[in-house]
Amino acid sequence: MGNPVGSFIWYELLTSDIDGAAVFYKAVVGWTISPDAYPDAEDMNYRMIGRDDGGMAGGAMEITQDMAMGGARPCWLPYLAVDDVDAEVHAIVAAGGREQLPAFDLPVGRIAMVADPQGVPIYLMKPVSPAGQSLSSDGQDQDDAGSVSDVFSATETQHVRWNELASPDQAASMAFYARHFGFTFNEKMSMGDMGDYCFIGHHGQTLGAIMQRQSDQQPAMWLFYFGVPSITAAKAAIEAHGGTVLMGPHEIPGGEWIIVAMDPQGAGFGVVGPKGA
């Protein structure tokens, strides 16, 4: 069964140094970024991010000079599943968003990049059916949130475990993602002066949360928390390999711990897991 509309089905690292990023994320998360470009990526230096279980965590793309001149900078971006990429681009532009990369076809599906009305960049994707190997899982024992992509898992290491948006306009973002991607916001947690942390419900899963951005300096971007077996070890690896810890380690409800960090090229990310020794 395919992913429901609004599922996070792929993650992509844009980076200025793909070999440097490979060393860093191997040390911090355990991923193996392929040393070779993906053959169907034409002239782009696009590489697959492999997990220890043989699955894929996403892809990494080196920023070209032209991309940099166009404003591209190191960051992590999500791919959200849609039924009709072209129609969704039109609908998002009509809602106040912007088309950033017109729709085009790849062997794995049709994609486009847009900025939502709050300026947050996202990819839209309709995977080919049957799904390509890079977006497949065994499909067994799936409930109604069953998927052909297993890049997101609320519990597993080397997967994205949490998707968090610090929005310039929390209420507008919640309305936008509810309308276009089927997100629900039935639970929230008060953070005092920082406002409410509103959890994202989606086909029986909690995907993450949307919160109000706390300052204009905070990027209007999705932030992804990667599962690790030890936050203590991840912190040491981040600092030993040229990254920067921006927040944490910080204990969260349920007893796990998080860190928000920046990789050596400047892409922000989080890690989540037990504190570890």
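Provided above is the structure to which this section pertains.
Residues numbered from 1 in each chain as written. Predicted model: local features only at pLDDT ≥ 70, side-chain atom pairs only at ≥ 80, totals over all residues. Heavy atoms only, no water.

Draft legend 1. Quick peek at the sheet that holds strand β5 (residues 75–81). With mixed pairing, the 8 strands of this open sheet are ordered in space as β2-β3-β4-β1-β5-β8-β7-β6. Sheet topology places β2 (32–33) and β6 (98–106) at the edges, where each strand pairs with a single neighbour. As defined by bridge partners, strand β3 (residues 46–50) adjoins strand β4 (residues 56–62) across 5 bridges and the pair is classed as antiparallel. Looking across to β4, one finds that Ile49 is bridged to Gly58. (Pairing = 2+ DSSP bridges. Helix = DSSP H or I, 4+ residues; strand = E, 2+ residues; numbered from the N terminus.)

Draft legend 2. Structural detail: the sheet that holds strand β12 (residues 205–212). The 8 strands lie next to each other as β10-β11-β12-β9-β13-β16-β15-β14, forming an open sheet whose pairing is mixed. The open sheet has two free edges, formed respectively by β10 (188–190) and β14 (244–251), since each of these has just one partner strand. Ignoring strand direction, the axes of neighbouring strands in this sheet form an average angle of 20°. By the bridge criterion, 3 bridges tie strand β13 (residues 222–227) to strand β16 (residues 268–273) in an arrangement that is parallel. Across the sheet, the residue bridging to Phe226 is Val271, located in β16. (Axes fitted to C-alpha atoms, helices over the stretch in contact; angles between N-to-C directions.)

Draft legend 3. Up close: helix α4 (residues 170–181). In this model α4 runs 16 Å from its N-terminal to its C-terminal C-alpha over 12 residues, within 8% of the 16 Å that 1.5 Å per residue would give. Here α4 has its buried residues at Gln170, Ser173, Met174, Phe176, Tyr177, His180 and Phe181. When α4 is viewed along its axis, its buried side chains cluster within an angular range of 165° and face the same direction. Along α4, the residues that are exposed and aim more than 90 degrees away from the buried face are Ala171 and Arg179. Once α4 ends, the next one or two residues include Gly182, with phi positive near 75°. (Expected span 1.5 Å × (residues − 1). Buried < 20%, exposed > 50% of the residue type's maximum accessible area, 1.4 Å probe, protein only. Arc of directions from axis to C-beta.)

Draft legend 4. Fine view of the side chain of Ser149. Along the chain, Ser149 turns up in the loop between β8 (121–127) and β9 (160–167). Among the polar contacts listed, one links the side chain of Ser149 to the backbone oxygen of Ile9, at a separation of 2.7 Å. (Polar contact = N/O pair within 3.5 Å; in protein donor to acceptor, adjacent residues only side chain to side chain.)

Draft legend 5. Main features of the packing of aromatic side chains. Inspection of every chain in the model, using the stated rule, returns 23 aromatic pairs. Centroid distance Phe24 to Tyr25: 5.0 Å. Interplanar angle 90°. Geometry classified as edge-to-face. Classification of Phe24 by relative accessible area gives buried; the value is 1%. When its relative accessible area of 1% is taken as the criterion, Tyr25 is described as buried. Note on Tyr25 and Phe226: the rings are 6.4 Å apart at their centroids and 80° apart in plane angle, and the pair reads as edge-to-face. Highlighted residues: Tyr25 in helix α1 (residues 18–28) and Phe226 in strand β13, separated in sequence by 201 residues. On the basis of relative accessibility, which here comes to 0%, the residue Phe226 falls in the buried class. (Phe/Tyr/Trp six-rings, centres within 6.5 Å; stacked < 30°, edge-to-face > 60°.)

Draft legend 6. Spatial organisation of the pattern of salt bridges. The final tally for this structure, using the stated rule, is 9 salt bridges. Here Arg51 makes a salt bridge to Asp150, at a shortest N to O gap of 3.0 Å. Remark: Asp150 occurs in the loop between β8 and β9 and Arg51 occurs in the loop between β3 and β4; sequence separation between them is 99 residues. For Asp150, a relative accessible area of 24% gives the class partly exposed. Residues Asp196 and Lys188 are paired through a salt bridge, measuring 3.4 Å at the closest nitrogen-oxygen approach. Since its relative accessible area comes to 59%, Lys188 is described here as exposed. Overlapping salt bridges bring together Arg51, Asp53 and Asp150 as one network. (Salt bridge = Lys/Arg side-chain N within 4 Å of Asp/Glu carboxyl O.)

Draft legend 7. Summary view of unusual backbone geometry. Going from Gly248 to Pro249, the amide bond is cis rather than trans, its omega being 5°. For Pro249, the position within the fold is in strand β14. For Gln158, which is not glycine, the phi dihedral falls at a positive 65°. Here Gln158 lies in the loop between β8 and β9. For His203, which is not a glycine, the phi torsion comes out positive at approximately 50°. Of note, His203 is situated in the loop between β11 (196–202) and β12.

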